[in-house]
Amino acid sequence: MDNTLNILYATMWGNAEMVAKKLNHLAEEQGFKTKVAELNDISMEDLCEMKQVAIVTSTTGHGDLPTNGEEFYDELKIADINLREMKYGVLALGDSSHKHFCGAGKKVDARFEQLGANKIIDRLECDGGTDGSIEWSNKFLETIKKYD
């Protein structure tokens, strides 16, 4: 395991990817070694090796992950893995006019907790945009530094 900050995202229209890339830029400015990837590009084996993770996801349909996060979540749901070494945070994008507001972020967050991962910051739920994402990103980075 290494101390790379893994910024993992799932997006339908590009907002979550944009937020992930902004978080990456902030992290690099602060000297973090980072890796940005779509959720579907991450295997459960990869996930088990990660110590620091930021999840950025939008929500589609009935509280579902976007297409580029569906396979990851399908595997995560059935995975029998131990994430106790992981420190993580979730930034969820959604629209409160929908019944399952930020459902994708809530699902991933809940499953990470079930698998023993350590949430180091409260989940941010952005309503209809990305308001608050820069503040959350800075707070997440500040918090993760305390564990190095």
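Relevant structure appears above.
Cut-offs applied
Once a new chain begins, its residue numbering starts again from 1 and follows that chain's sequence as written. Two thresholds apply to this predicted model, a pLDDT of at least 70 for residue-level local features and 80 or more for giving and counting side-chain atom pairs, whereas whole-chain, interface and lining totals are computed over all residues. With hydrogens and water stripped out, all remaining heavy atoms of the structure feed into the side-chain values. The rule is short: rings of Phe, Tyr and Trp, with Trp giving its six-membered ring, pair when the centres are within 6.5 Å, and they are stacked under 30 degrees, edge-to-face over 60, tilted in between. Each helix corresponds to a stretch of at least 4 residues labelled H or I by DSSP, and each strand to a stretch of at least 2 residues labelled E; elements are numbered beginning at the N terminus. Working definition: with a 1.4 Å probe on protein chains only, accessible area under 20% of the residue-type maximum means buried, over 50% means exposed, and in between means partly exposed. Orientation is described by axes fitted as lines to C-alpha atoms, over the contacting stretch for helices, and by angles from 0 to 180 degrees between their N-to-C directions. Angles below 35 degrees are treated as roughly parallel, those above 145 as roughly antiparallel, those between 65 and 115 as roughly perpendicular, and all remaining angles as oblique. Handedness of a helix crossing follows the sense of rotation of the near helix relative to the far helix, less than a right angle counterclockwise being left-handed and clockwise being right-handed. Contacts: residue pairs with any heavy atoms within 4.5 Å of one another. When residues are sorted by character, Ala, Val, Leu, Ile, Met, Phe, Trp, Tyr, Cys and Pro go into the nonpolar class, Asp, Glu, Lys and Arg into the charged class, and all the rest, Gly among them, into the polar class. The reported arc concerns the directions from the helix axis to the C-beta atoms and nothing else. Throughout this description, the term nonpolar core refers to a set of buried Ala, Val, Leu, Ile, Met, Phe, Trp, Tyr and Cys residues connected via side-chain atoms within 4.5 Å.

(A) Here's a closer look at the packing of aromatic side chains. Tallied over the full model, the rule gives 2 aromatic pairs. Aromatic side chains Trp136 and Phe140 sit 5.2 Å apart centroid to centroid with 10 degrees between the ring planes, which places their arrangement in the stacked category. Of this pair, Trp136 and Phe140 are both found in helix H5 (residues 133–145), 4 residues apart, which corresponds to roughly one turn of the helix. A single burial state applies to Trp136 and to Phe140, both of which are buried.

(B) Molecular detail of the packing of helix H1 (residues 15–29) against H5. Where H1 contacts H5, the axes come no closer than 10 Å and their chain directions differ by 40 degrees. By the angle between their axes, H1 is oblique relative to H5. Classified by chirality, the crossing of H5 by H1 is right-handed. Between H1, through Val19, Lys22, Leu23, Leu26 and Ala27, and H5, the contact on the second element is made entirely by Ser133, Ile134, Trp136, Ser137, Asn138 and Leu141. Here the contact of H1 with H5 is composed, by residue class, of 7 nonpolar, 3 polar and 1 charged.

(C) Summary view of helix H3 (residues 67–78). Every buried residue belonging to H3 is among Asn68, Gly69, Phe72, Tyr73 and Leu76, and all of these are buried. Projection of H3 onto a plane perpendicular to its axis shows the buried side chains occupying an angular sector of 100 degrees, all on one side. Away from its buried face, by an angle of more than 90 degrees, H3 presents the exposed residues Thr67, Glu71 and Ile78.

(D) Structural context of the nonpolar core. Judged by nonpolar contacts, the single largest core of 25 residues is most densely connected at Leu8, Leu47, Leu76, Met86 and Phe112. Secondary structure elements with two or more residues in this core: strand S1 (2–10), helix H2 (44–49), strand S3 (50–57), H3, strand S4 (87–94) and helix H4 (103–114). If we ignore the near neighbours within four places in the chain, the residues touching Leu8 are Ala37, Leu39, Ile42, Leu47, Met50, Val53, Ala54, Ile55 and Val56. Counting residues in hydrophobic clusters, the runner-up holds 22 residues, among them Ile7, Leu26, Ile120 and Trp136.

(E) Layout of the environment of Ile81. Along the polypeptide, Ile81 turns up in the loop between H3 and S4. A C-alpha to C-alpha distance of 24 Å links Ile81 and Phe140, two positions 59 residues apart in sequence.

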